[in-house]
Amino acid sequence: MNKAEILVIGSGPAGLKASLSAADQGAGVTLVERDPFLGGQLVKQTHMFFGSKEQYASERGFKIAEKLTAAAEEHPGVRVLKGAAALGYYDDNVVTLELKGRVLPVSYDAMIMATGAQENTLMFPNCDLPGIYGAGAVQTLMNVYGVLPGKRVAMLGAGNIGVIVSYQLLQAGVEVPAIIEAAPEIGAYHVHASKVRRMGVPIYTSQTVVSAHGSDALEKIIMVELDDSWQPVPDTERELDVDVLCIAVGLTPLTEILFQAGCEIAYIPELGGHVPRRSAVMETSVANIYIAGDVSGIEEASAAMVEGTIAGLTAAFNLGYGRDSYEQKIAAANLELDALRKGPTGEKIRTGLQNLKKTGEVRQ
Amino acid sequence: MRIQVHPILEFKKGKKISFTYDGITVEGYEGEPIAAALHAAGVRVLSHSRNFKRPRGFWCAIGNCSSCNMRVNGIPNVRTCVEPLQDGMTVETQQGRGVIGGVPGE
Ligand SMILES: Cc1cc2nc3c(=O)[nH]c(=O)nc-3n(C[C@H](O)[C@H](O)[C@H](O)COP(=O)(O)OP(=O)(O)OC[C@H]3O[C@@H](n4cnc5c(N)ncnc54)[C@H](O)[C@@H]3O)c2cc1C
Ligand code: FES
């Protein structure tokens, strides 16, 4: 059977940093990615990042992906398997992969799950019409493959993803007649929101989509205003002709394999739903299984990188690598995380992490 | 519809190739997902729901949801949003659950 000392699943910012930090400590890493390329969400992000220098602030996401990918592919301690999807967990530390149409079992000493998240759907009549796509899906189609999703695209959700993807649609030459947000306030960073507004895109708060119409594919949506208790206001329905509606109403962590491995899971809405319980250094309730990035709670690429570093260092430490530098490196990473999570934008994640902690200690 | 010029990105496309979609010849670029090539050619309906036969297009574009399943070279349930396009492929709209290895699904 194939053997990996540390098996890292998923090569977004979390998985890449986890691989690099563990390999730098001397551990042997096998990094598995189902896409034919590394980088996860970063490869589709054309905008510049916030945060500090450690997390590559003011660099564009896809440029960060290029740097980290090169570092991982050149690192003698990292073996990269692309086009390999992890399928399931088996007893005795075995995970099966699908690689080129074959099933490949791999055993590991430690595993770091960095599978990221999937987009939430929203229910309304005809919400399954072709032309109603996840915002991330549109971003992939457009920024990775250079294919336009449509001519006139409405966005449902004014969080960071909704607003940033709207901006990217404009960049690609697509008309965006509306960003629609059910909450009374815009969730996205205001710099991004002001930018799309300046480019002429209206952001309608306290409004939502009640139905979609079209024969074989989307032709128009019906919008409605919402009152203080999120109920539709009578006689406020109006039509909007669009051929695509992007849904950007949040993400859910991709935790299936962790469920299967028996990791204890808690339901924490602020973190995106069901998330594995874990220690301060990212170890789950099952020994030698670690998590990092969106799978441990929906946050940002910057935090995903730091969590990846922490998980990689700890997995390596517990296998006997990098004993001397561990404490110091973890302390530095924790300072970075604190800095990223401070202030009003970090409130949701802070609350979520506190609530997760209240479910009890997960190992010391 | 494809992006011709982009302020930030450059697209590295594969070789231009052709494949068939329900018997019609369509062009695309080698290695891009089948669904991306179909979308660029204006095809948005990829599958149909099992019970009510409602048209379905792609949803996630990363291989998570199965909304884009089609028959490719005779193999059913291929997630066309992640399956790389190759020259001469036969891509068909799938009826029902498909037949794997001669065993009917329904
Ligand atoms: C539009 C948009 C804008 C954003 N802007 C910012 C920003 O400005 N700043 C910021 O800090 N963050 C931003 N983010 C958030 C950031 O992209 C994510 O938080 C981050 O990518 C999460 O990293 P990750 O490594 O956990 O997951 P991902 O990047 O999602 O990577 C997960 C990887 O795992 C792979 N995978 C999943 N399942 C399997 C499996 N079974 N087998 C093998 N591989 C698997 C996936 O293919 C993927 O490559 C943005 C996100 C979006 C969508
Ligand atoms: S669109 Fe979701 S699997 Fe293809």
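Refer to the structure above for everything that follows.
Below is a summary of the structure that appears in this document. (Residues numbered from 1 in each chain as written. Chains lettered and ligands numbered in written order. Predicted model: local features only at pLDDT ≥ 70, side-chain atom pairs only at ≥ 80, totals over all residues. Heavy atoms only, no water.)

1. Quick look at the packing of helix α1 (residues 13-24) of chain A against helix α7 (residues 301-318) of chain A
Residues and elements named next belong to chain A. Close contact between α1 and α7 brings their axes to 7 Å; oriented N to C, the two are set at 35°. Remark: the crossing between α1 and α7 carries right-handed chirality. Where α1 approaches α7, its residues P13, A14, K17, A18, S21 and A22 are matched on the opposing element by A301, A304, M305, G308, T309, G312, L313 and A316. (Axes fitted to C-alpha atoms, helices over the stretch in contact; angles between N-to-C directions. Helix = DSSP H or I, 4+ residues; strand = E, 2+ residues; numbered from the N terminus. Left-handed = near helix turned anticlockwise from the far one by under 90°. Contact = heavy atoms within 4.5 Å.)

2. What to know about the sheet that holds strand β6 (residues 75-79) of chain B
Residue and element names in this part refer to chain B. Here we have five strands laid out as an open sheet, ordered β2-β1-β7-β5-β6, and mixed in their pairing. The outermost strands of the open sheet, each flanked by one partner alone, are β2 (24-29) and β6. Adjacent strand axes in the sheet meet at a mean angle of 40° when their direction is disregarded. Judged from the three bridges that link them, strand β5 (residues 69-72) and β6 form a sheet pairing that is antiparallel. Following the sheet pairing, M70 is matched in β6 by V78. (Pairing = 2+ DSSP bridges.)

3. Some thoughts on the nonpolar core
Formed by 64 residues in total, the largest nonpolar core has its most connected members in I6, L7, V95, M111, I112, I289 and I310 of chain A. No other element matches the eleven residues that α7 of chain A contributes to this core. Residues in contact with I112 of chain A, not counting those within four places in the same chain, are I6, L7, V8, I9, A18, Y290, A311, G312 and A315 of chain A. Counting residues in hydrophobic clusters, the runner-up holds 51 residues, among them I17, F19, V43 and V72 of chain B. (Core = buried A, V, L, I, M, F, W, Y, C linked by side-chain atoms within 4.5 Å. Buried < 20%, exposed > 50% of the residue type's maximum accessible area, 1.4 Å probe, protein only.)

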